[in-house]
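# Observations on the three-dimensional arrangement
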Amino acid sequence: MQQHLIAIDLDGTTLNNKSQLSPLTIQTLRLISEQGHLVSIVTGRPFRTSSSIYRQLNIAAPMVNFNGALCHFPGNPNWLAGYHQNLDREIAFELFANQEELEIDLLMAEGHDRLFTSSMNLPDSPYYPADVADIDKLSRESLTYNPTALTIFSTEEKQPVIERNINKHYGDFVSVRTWGGDFPVLEVVQKGINKAVGVEKIAKFYRIPKSAIVAFGDEENDLEMLAYAGRGVVMKNGRDSVKAIADEETKFSNDQDGLAKHLIELFELDI
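Rules used throughout
Residues numbered from 1 in each chain as written. Predicted model: local features only at pLDDT ≥ 70, side-chain atom pairs only at ≥ 80, totals over all residues. Heavy atoms only, no water. Domains from an automatic or database assignment. Buried area = accessible area lost by both parts, 1.4 Å probe. Salt bridge = Lys/Arg side-chain N within 4 Å of Asp/Glu carboxyl O. Helix = DSSP H or I, 4+ residues; strand = E, 2+ residues; numbered from the N terminus. Core = buried A, V, L, I, M, F, W, Y, C linked by side-chain atoms within 4.5 Å. Buried < 20%, exposed > 50% of the residue type's maximum accessible area, 1.4 Å probe, protein only.

Time to look at the domain arrangement of the chain. One frequently used descriptor of interface size is the decrease in accessible area upon assembly of the parts. We note that the domain assignment places domain 1 (5-84 + 193-267) and domain 2 (89-190) within the chain. Between domain 1 and domain 2, the C-alpha centre-to-centre distance is 24 Å. Summed over both partners, the interface of domain 1 with domain 2 comes to about 1600 Å²; 49% of that surface belongs to carbon and sulfur atoms. A per-residue breakdown of the area domain 1 buries against domain 2 is headed by Arg 48, Phe 66 and Ile 193, which together make up 35% of the total. Viewed at the interface, domain 2 and domain 1 are joined by 2 salt bridges. The shortest N-O distance in the salt bridge between Arg 177 and Glu 224 comes to 2.6 Å.

A few words on unusual backbone geometry. Peptide bonds are, in most cases, trans, and in most cases residues other than glycine have a negative phi. Located in the positive-phi region is Asn 67, a residue other than glycine, with phi close to 55°. Position of Asn 67 relative to the elements: it lies in the loop between β3 (63-65) and β4 (70-72). At Asp 257, a position not held by glycine, the phi torsion is positive, near 60°. Secondary-structure assignment places Asp 257 in the loop between β14 (248-249) and α10 (258-266).

Quick look at the nonpolar core now. General note: in soluble globular proteins, nonpolar side chains tend to be found buried as a group. In this structure, Ile 6, Ile 8 and Phe 216 are the most contacted members of the largest nonpolar core, which totals 50 residues. Core analysis: the next-biggest nonpolar cluster, separate from the first, contains 21 residues, Ile 104, Tyr 170, Val 174 and Val 188 among them.

Shown next, in the form of structure tokens:
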């Protein structure tokens, strides 16, 4: 049997509209793993807000965070294929200094197990910690190393302008993508980093051919991953731009177990 890599985005894809795993999704993914296939979470989320989902699935496998900036095997720090790509912290400081001019409402820098933010008034969102002990005010004194990613909040209408301004000044060094589902944000990572980079790293390490990679996603930060996979599957609730490049579309949305039902049919699972 050819081992497959199942690369799954979280928000809007694997998780329902309450940001939860359904019982059917858990059962399906575990059964696929038990059959010898590799199930890897590939998400824009940091590990701190996706670790509980990884533990709930209880599937030992590598995962990708920060839209491809971090590839690791939780609990196995010596995993040979792991990598961690950072940003120059000067970019964070310059954006912070020009926050008002750029019409950025909130700027966050993702550090090692800590969050550095331009304001302590954080949005009510499952993506960010409620415990202020994990948060520092962004400054040169607090952020003493290069962060993994920057997250930018603004009104949705202003995001394209902010993205253009960042690309104009830092386009040679960074990539900017949108993620977050109903609560969209801009994320800035190192140039050339995207989810496909992490998926390719995992696939090559386990010698899984591209034809045996099945990737699921719904947003623009999934574009490269779905295009790279042998079978790129967009969710029924996905954006039109993603549907335009996907090989297949699920019959049901993320809130209707669309991913699980698609996998049950694809792998002919007896569930």
